[in-house]
There are 2 protein chains.
Amino acid sequence: MNATDPQPGAARPHTGRRRNEAAHRAILDAALRLLAESDGTPVTIDAIARTAGVGKQTVYRWWPSKGAVLLDALSARADQDVAGPDSGDLRADLRAFVATTFDAAQQDTSASALRALVREAARDPHLADLMQTFTATRRTALRELLVRGRERGQLPGDADLDLIVDQVYGVFWYRFLLGHAPLDADAADRLAASLVAGAQ
Amino acid sequence: MNATDPQPGAARPHTGRRRNEAAHRAILDAALRLLAESDGTPVTIDAIARTAGVGKQTVYRWWPSKGAVLLDALSARADQDVAGPDSGDLRADLRAFVATTFDAAQQDTSASALRALVREAARDPHLADLMQTFTATRRTALRELLVRGRERGQLPGDADLDLIVDQVYGVFWYRFLLGHAPLDADAADRLAASLVAGAQ
DNA sequence: TGATTGCCGAGACTGTTAGTCTTGTCAACG
DNA sequence: CGTTGACAAGACTAACAGTCTCGGCAATCA
């Protein structure tokens, strides 16, 4: 130890080769493409690295796990408007919110990518955590939409807002993952109507 | 080829050692125990065989895949009454059905086993198929309950019964898998009331 | 009783994948 | 030009599903 030793944590001028932003983007692009093309088979890190023309170590230099890469790839694309609609009419707002949610997941590129992501999350607790954080913003937006409706007297004061939120996202994920029934504008319309009427 | 050759497919008297029923049961018991104890880590065939005191080949002699073993282990326990309640009052029937469904999944032994099973199904298409068949009987029972209600005039003729079914099972699986909100009698009550009122 | 048949436990083996480690190269900076 | 650290390539380890092989043993039949 002498006076020229760097302080631990002190800002030391960067030396050496800089990180390659192009490689970063190439990895995300490759991950998204592979997620979208995934036909039920899991997306492998080897495939991502090879598609991006990058060494595996470079992937792990930027992200801690495969799940983190996949989620990052998808969130980059789903750079969504978090604010819910606010027209003054609860039923219309709810209908618009649900329709938007349903519609976003039907975009062909996102759909299979999102399904693949859920499959990965099922056995990667770290990714499951990241996804919960990610989806929490949408849940919150929906809940605030409902609170506004309740304050306007369009929902009874004792309505179970959490149950309504779970009905929306429960139906959404259930149909999205099983694919046995449509997630179209008509379904959104009926669901919104049923929820508003059911809470009275 | 001569006259003493066995006919293909002809019933030939069984020879050789018989299958060991005790091993069969030991495997199911081991699978169920490991599923229940699974703390998020996947249940392996090696572990099942070792716990059951059995060779891996014996497992594969009785079941075609790991998923089949797991599902069989759980279905053996969930030997359910498929018939839905039929009191003449839709709201009461629906409430009872939902409460029963919620309650069955809260049994501590089944709960983590079922969660582990869903995780396995996420990456084993064969198991996912088996599970859909398995859950279809419950969905059908619920739908028939709703049809009876509609025939009694307790639901409008144009009510979207499939949407109601999906609202029940959507909320159920969503809360069951995420564990962020309760699946208790009160939730069942509110959900049933909301669905009947919402369909009017 | 002894031969045949087919299940049994044990565990070696193959193929796949996540994540780590190694090697030689190359770019940034002093 | 020397030091540093990112880079591509790919070897390596550890799990795991599913297959294969082996010697042993139980049920049946001649």
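Reading the values: the criteria
Residues numbered from 1 in each chain as written. Chains lettered and ligands numbered in written order. Predicted model: local features only at pLDDT ≥ 70, side-chain atom pairs only at ≥ 80, totals over all residues. Heavy atoms only, no water. Helix = DSSP H or I, 4+ residues; strand = E, 2+ residues; numbered from the N terminus. Contact = heavy atoms within 4.5 Å. 1 Å grid on protein atoms, 1.4 Å probe; cavity = no way out; pocket = protein on both sides within 12 Å on 5 of 7 lines; lining within 4 Å. Points joined across faces, edges and corners; volume = space filled by probe spheres on them. Nonpolar A, V, L, I, M, F, W, Y, C, P; charged D, E, K, R; others polar. Near = heavy atom within 4 Å. Polar contact = N/O pair within 3.5 Å; in protein donor to acceptor, adjacent residues only side chain to side chain. Buried area = accessible area lost by both parts, 1.4 Å probe. Salt bridge = Lys/Arg side-chain N within 4 Å of Asp/Glu carboxyl O. Least-squares fit on C-alpha atoms with pLDDT ≥ 70 in both.

Take the environment of Arg139(B) next. Position of Arg139(B) relative to the elements: it lies in helix H7 (residues 125-151). Spatially, the C-alpha atom of Arg139(B) lies 17 Å from that of Arg175(B), the residues being 36 residues apart in sequence. When neighbours within four sequence positions are excluded, Arg139(B) is seen to be in contact with Tyr174(A), His180(A), Val165(B), Asp166(B) and Tyr169(B).

The subject of this paragraph is empty space enclosed by the protein. Under the counting rule described, the total for this entry stands at 1 cavity of 30 Å³ or more. In this model, the largest cavity occupies a volume close to 80 Å³. The wall of the largest cavity is formed by Ala122(A), Arg123(A), Ser38(B), Gly40(B), Thr41(B), Pro42(B), Val43(B), Ala116(B), Arg119(B), Glu120(B) and Arg123(B). Considered class by class, the residues forming the lining of the largest cavity number 4 nonpolar, 3 polar and 4 charged.

For the rest of this paragraph, the subject is the protein's contact with DNA strand D. In the neighbourhood of DNA strand D, 26 residues make up the surrounding shell, with Asn20(A), Thr58(A), Arg18(B), Lys56(B) and Lys66(B) lying closest. Of what DNA strand D places within 4 Å of the protein, 63% of the atoms are sugar or phosphate. Within the contact set of DNA strand D, a phosphate oxygen lies 2.4 Å away from a side-chain nitrogen or oxygen of Arg18(B). For the surface near DNA strand D, the elements supplying multiple residues, two or more each, are helix H3 (56-62) of chain A together with helix H3 (56-62) of chain B. Per-element tally for the surface near DNA strand D: the top contributor is H3(A), with 4 residues. Residues that form the surface near DNA strand D fall into these classes: 5 nonpolar, 11 polar and 10 charged.

A separate point is the interface of chain B and chain A. Listed per partner, the contact involves 27 residues of chain B and 26 residues of chain A. Contact between chain B and chain A buries roughly 2,400 Å² in total, counting both sides, with carbon and sulfur atoms accounting for 55%. Of all residues in chain B, the largest losses of buried area upon contact with chain A belong to Leu163(B), Asp166(B) and Tyr174(B), amounting jointly to 24% of the total for that side. Our count for the contact surface shared by chain B and chain A stands at 4 salt bridges. For the salt bridge of Asp166(A) with Arg175(B), the shortest nitrogen-to-oxygen distance reads 2.5 Å. Seen at the junction of chain B and chain A, the total is 6 residue pairs in polar contact (both at pLDDT 80 or more). Sorting the residues of the side of chain B that touches chain A by element identifies helix H6 (108-123), H7, helix H8 (161-178) and helix H9 (185-199) of chain B as the ones contributing at least two each.

Note on the identical chains: chain B maps onto chain A by a rotation of 179 degrees and an axial translation of 0.0 Å, with an RMSD of 0.2 Å. Within this description, the copies of the chain are treated as partners about a two-fold rotation axis. Here 96% of the contact residues of chain B are again contact residues in chain A; the copies associate through an equivalent surface.

So, about the side chain of Arg175(A). For Arg175(A), the position within the fold is in helix H8 (residues 161-178). Among residues more than four places away in sequence, those in contact with Arg175(A) are His180(A), Ala181(A), Pro182(A), Leu183(A), Ala187(A), Asp162(B), Leu163(B) and Asp166(B).

Let's shift gears to the environment of Leu163(A). Its location among the elements puts Leu163(A) in helix H8. A sequence separation of 32 residues divides Leu163(A) from Leu195(A), and the C-alpha atoms of the two residues are 9.8 Å apart. Among residues more than four places away in sequence, those in contact with Leu163(A) are Val171(B), Arg175(B), Ala187(B), Arg190(B) and Leu191(B).

A side chain with one charge may pair with a side chain of the opposite charge, provided their charged atoms come close. Applying the stated criterion across every chain yields a total of 24 salt bridges over all chains. Through salt bridges with shared partners, one network takes in Asp86(A), Asp93(A), Arg148(A) and Arg152(A).

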